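# An overview of the molecular structure
So the chains spell out like this:
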Amino acid sequence: MDNATQETFTRADGATPFTSVPIEITVSVGRARPLVRDLLKLDEGSVLTLDRKIDDPVELFVGDQLIGIGALEVVEGKGQTTLAVRLTKVTDFQAPT
């Protein structure tokens, strides 16, 4: 790619066409390990107990890559109550893997 083409794709603020692409982050709040017979009994209203407590940290993933650790929070606004994650640790993407 020549310099003129590179300048076309990079703006003064460092943005590129890729910086506006949405990405899905998965938040892992815990795991359950029921026996198959118990899994087959699950029905609407069943409770599946996870291996973590409500105050335990959660993990944030993009695909299978861990990108951070956080804490669950309840956020109220615009007449709605939603669940959110406050980041407590972010992976250093610059560090060699």
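Below: a short report on this structure. Since the model is a prediction, treat every value here as computed from it, not as a measurement. (Residues numbered from 1 in each chain as written. Predicted model: local features only at pLDDT ≥ 70, side-chain atom pairs only at ≥ 80, totals over all residues. Heavy atoms only, no water.)

Assigned secondary structure in the protein chain consists of 2 helices and 4 strands. Its helices and strands in sequence order give the protein chain the pattern α-β-α-β-β-β, from N to C terminus. Residue burial in the protein chain is summarised as follows: out of 97 residues, 8% are buried. Of all intrachain contacts in the protein chain linking residues separated by at least 6 positions in sequence, the fraction that spans at least 24 positions is 29%. For the protein chain, the exposed surface amounts to about 8,700 Å²; the carbon and sulfur share of it is 55%. (Helix = DSSP H or I, 4+ residues; strand = E, 2+ residues; numbered from the N terminus. Buried < 20%, exposed > 50% of the residue type's maximum accessible area, 1.4 Å probe, protein only. Contact = heavy atoms within 4.5 Å. Areas by Shrake-Rupley, 256 points an atom, 1.4 Å probe, with all protein chains shown as cover.)

Within this structure, the stated rule accounts for 2 salt bridges. Across the pair Glu59 and Arg52 runs a salt bridge whose closest N-O atoms are separated by 3.3 Å. The class of Glu59 is partly exposed, set by a relative accessible area of 23%. Here Glu73 makes a salt bridge to Arg86, at a shortest N to O gap of 2.4 Å. Here the residue Glu73 occupies a position in strand E3 (residues 65-77), and Arg86 occupies one in strand E4 (residues 80-90), the gap between them amounting to 13 residues. Glu73 sits in the partly exposed class, given a relative accessible area of 26%. (Salt bridge = Lys/Arg side-chain N within 4 Å of Asp/Glu carboxyl O.)

Moving on: a nonpolar patch on the surface. Together, Ile23, Ile25, Val27, Val29, Leu50, Leu72, Val74 and Leu83 line one region of the surface with nonpolar side chains, adding up to about 680 Å² of accessible area. Along the chain, Leu83 falls in strand E4. (Patch = residues over 30% accessible without salt bridge, like charges linked within 9 Å, V, L, I, M, F, W, Y side chains within 5 Å.)

So, on to the environment of Leu48. With respect to the helices and strands, the residue Leu48 is situated in the loop between helix H2 (36-40) and strand E2 (58-62). The sequence separation of Leu48 and Ala32 amounts to 16 residues, and the corresponding C-alpha distance is 6.9 Å. The contacts of Leu48, once residues within four sequence positions are left out, are Ala32, Pro34 and Leu42.

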